Amino acid sequence: MAITCSISHSTPLQLTYILLLISTTTTPITALNITDLLSSYPDLSSFASLLTTVATDLAHRSSLTLLAVPNVYLSSSLSSTRHLPPSSLADLLRYHVLLEFLSWSDLHQIPPSGILVTTLFQTTGRASSNSGSVNITYIPSTNSITIHSPGPYSPSNATVLSLVKTLPYNLTILAVNSLLVPNGFDLMASETRPPLDLNITKALIDGHNFNVAASMLSASGVVDDFQADEAGAGITLFVPTDTAFSDLPDSVNLQSLPADKKAVVLKFHVLHSYYPLGSLESIVNPVQPTLATEDMGAGSFTLNISRVNGSVAIDSGIVQASVTQTVFDQNPVAIFGVSKVLLPREFFGKNPTVISKPGSTDFSNAQPPDILLAPEYSPPSHLSSPPGFRGDIRSGSAGDLGSRSCIVAVCCIGLYLVV
């Protein structure tokens, strides 16, 4: 929804309020350590232990509802899944993480027809259609809340036993009486599926225009780590084209980095989950940990993935790249070509402005904002001016500005301060 505001009577006090409002509403919620929270509940100890297999997926996520199965119910539920390989069991656990915060009162306002809620399993790309969702219904006559996989012949359902814990707008933990199985989830097929055994380096060479990346991956040895992850939850690689490497400014020399830092930069281009293109385009949580996050610590070396101008955009904090092509996509490995080398701010943040060489392709709005601000304020660096914004400032006069309106509050601030 567009928000318009007039700047004819703006004052420094009003600007202070607007800046404070922006800074408090755009700060991301710090993700919680869910397994640590569950450690306070001995009856959920077995489920908490299983949940550690998807700890990487849960990193940096918030606004979740967790369906936890108490020990007494979990043992019987696991009997039918005892032969599952770790990757399939992990998908079952992802199915118990709802990507929406639902309070206890929210649950009791659900209509009898139910609501469909997306789970973490849907983000893997292995869920067909809406099988990565659950249907939640509330029956007032019995005051019961039931959860089942969607479909005319639901193979699995559970009843909510109680509210375990709630942290408003961030996390709700519910106890349910059964492990849920997604509709169409073939327990035996997952066990017998042969490994992919993809040679990633060869796939890049066959894809053409990825020779530099293939050479760096092979020389660093990290490609062996990538291929070892194929047997788990899968991986998604963002591989810069040869042109992307040649477009690096002279101030960035990847080859001069120590071997350990070079390996971190390469791992920064990889997600520890399989995401086909469709899942990237509709990804729920844009901030994604990378393989470098696992090495360097939670909260670091993350990528911001979004959809910009009809393409998938990947923001490292100082570089914004776009997905240019699909090099390989077969569960559990996806390889995408990207237009820029993703430079982590943890290594290159001291010089955040990365200049593209003439003729290189990139999003037209990726440049950092050029707005004069009072020294005491430091708004988020990702705010950028809309197309044509600065041209309007230069061509307009102070008298004209009094009658203009801007689309968002940030535009109001920029216009007021520049004038």
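Now for a description of the structure that goes with this document. These numbers were taken from a predicted model, which means no experiment stands behind them. (Residues numbered from 1 in each chain as written. Predicted model: local features only at pLDDT ≥ 70, side-chain atom pairs only at ≥ 80, totals over all residues. Heavy atoms only, no water.)

### Focus on the overall build of the protein
Within the protein, the secondary structure is distributed over 19 helices and 16 strands. Counting all 419 residues of the protein, 44% fall into the buried class. Contacts in the protein between residues far apart in sequence, at least 24 positions, make up 67% of those at least 6 positions apart. Accessible surface for the protein amounts to roughly 20,300 Å². Of this, 55% is attributable to carbon and sulfur atoms. (Helix = DSSP H or I, 4+ residues; strand = E, 2+ residues; numbered from the N terminus. Buried < 20%, exposed > 50% of the residue type's maximum accessible area, 1.4 Å probe, protein only. Contact = heavy atoms within 4.5 Å. Areas by Shrake-Rupley, 256 points an atom, 1.4 Å probe, with all protein chains shown as cover.)

### A word on the pairing of strand β13 (residues 311–315)
Judged from the five bridges that link them, strand β12 (residues 302–308) and β13 form a sheet pairing that is antiparallel. Its bridge partner being in β13, Asn-304 is matched across the sheet by Asp-315. Taking the residues between adjacent antiparallel strands as the criterion, β12 and β13 are bridged by two residues, where Asn-309 takes a positive phi near 50°. Hairpin connection of β13 to strand β14 (residues 320–330): four residues between the antiparallel strands, including Gly-317 at a positive phi of 110°. (Pairing = 2+ DSSP bridges.)

### A few points about helix α10 (residues 211–220)
In an α-helix, one full turn covers 3.6 residues, which means residues spaced three or four apart are oriented alike. Looking only at α10, the buried set comprises Ala-213, Ala-214, Met-216 and Leu-217. On an axial view of α10, the arc spanned by its buried residues comes to 165°, and they lie on one face. Count one or two residues on from α10 and you reach Gly-221, which has phi positive near 85°. (Arc of directions from axis to C-beta.)

### What to know about the packing of aromatic side chains
Geometry of an aromatic ring pair is reported as the spacing of the ring centres plus the angle between the planes. Enumeration according to the criterion identifies five aromatic pairs in this entry. Seen in terms of ring centroids, Phe-268 and Phe-301 are 6.0 Å apart; in terms of plane orientation they differ by 80°. Their pairing is edge-to-face. Linking Phe-268 in the loop between α13 (259–267) and β10 (270–271) with Phe-301 in the loop between α15 (291–296) and β12, this pair joins segments that are 33 residues apart in sequence. Residue class for Phe-301 comes out buried when judged on its relative accessible area of 3%. Taken together, the ring pairs connect Phe-268, Phe-301 and Phe-347 into an aromatic cluster. (Phe/Tyr/Trp six-rings, centres within 6.5 Å; stacked < 30°, edge-to-face > 60°.)

### Description of unusual backbone geometry
We note that His-208 has phi near 65°; this positive angle belongs to a residue other than glycine. Considering the arrangement of structural elements, one finds His-208 in the loop between α9 (200–207) and α10. Positive phi values are uncommon outside glycine, yet Phe-301 reaches one of about 55°.

### What about α9?
Of all the residues in α9, the buried ones are Ile-200, Thr-201, Ala-203 and Leu-204. The buried residues of α9 occupy one face: seen down the axis, they fall within an arc of 160°. Its side-chain oxygen placed 3.2 Å from the backbone nitrogen of Thr-201, Asn-199 serves as the N-cap of α9. (Polar contact = N/O pair within 3.5 Å; in protein donor to acceptor, adjacent residues only side chain to side chain.)

### Here's the deal with the pairing of strand β5 (residues 133–139)
Sheet faces and side chains relate simply in a regular strand, where the side chains alternate between the two faces. Burial of β5 is extensive: six of the seven residues sit out of reach of the surface. Of the strand pairs in this sheet, strand β4 (residues 115–118) and β5 are connected by four bridges, and their pairing is antiparallel. The residue of β5 that forms the bridge with Ile-115 is Ile-136. As defined by bridge partners, β5 adjoins strand β6 (residues 144–148) across five bridges and the pair is classed as antiparallel. For Tyr-138, the partnering residue across the bridge sits in β6 and is Ile-145. Between β5 and β6, which pair antiparallel in sequence order, lie four residues; one of them, Asn-143, sits at a positive phi of approximately 55°.

Everything listed here is a matter of geometry and, on its own, says nothing about what the molecule does.
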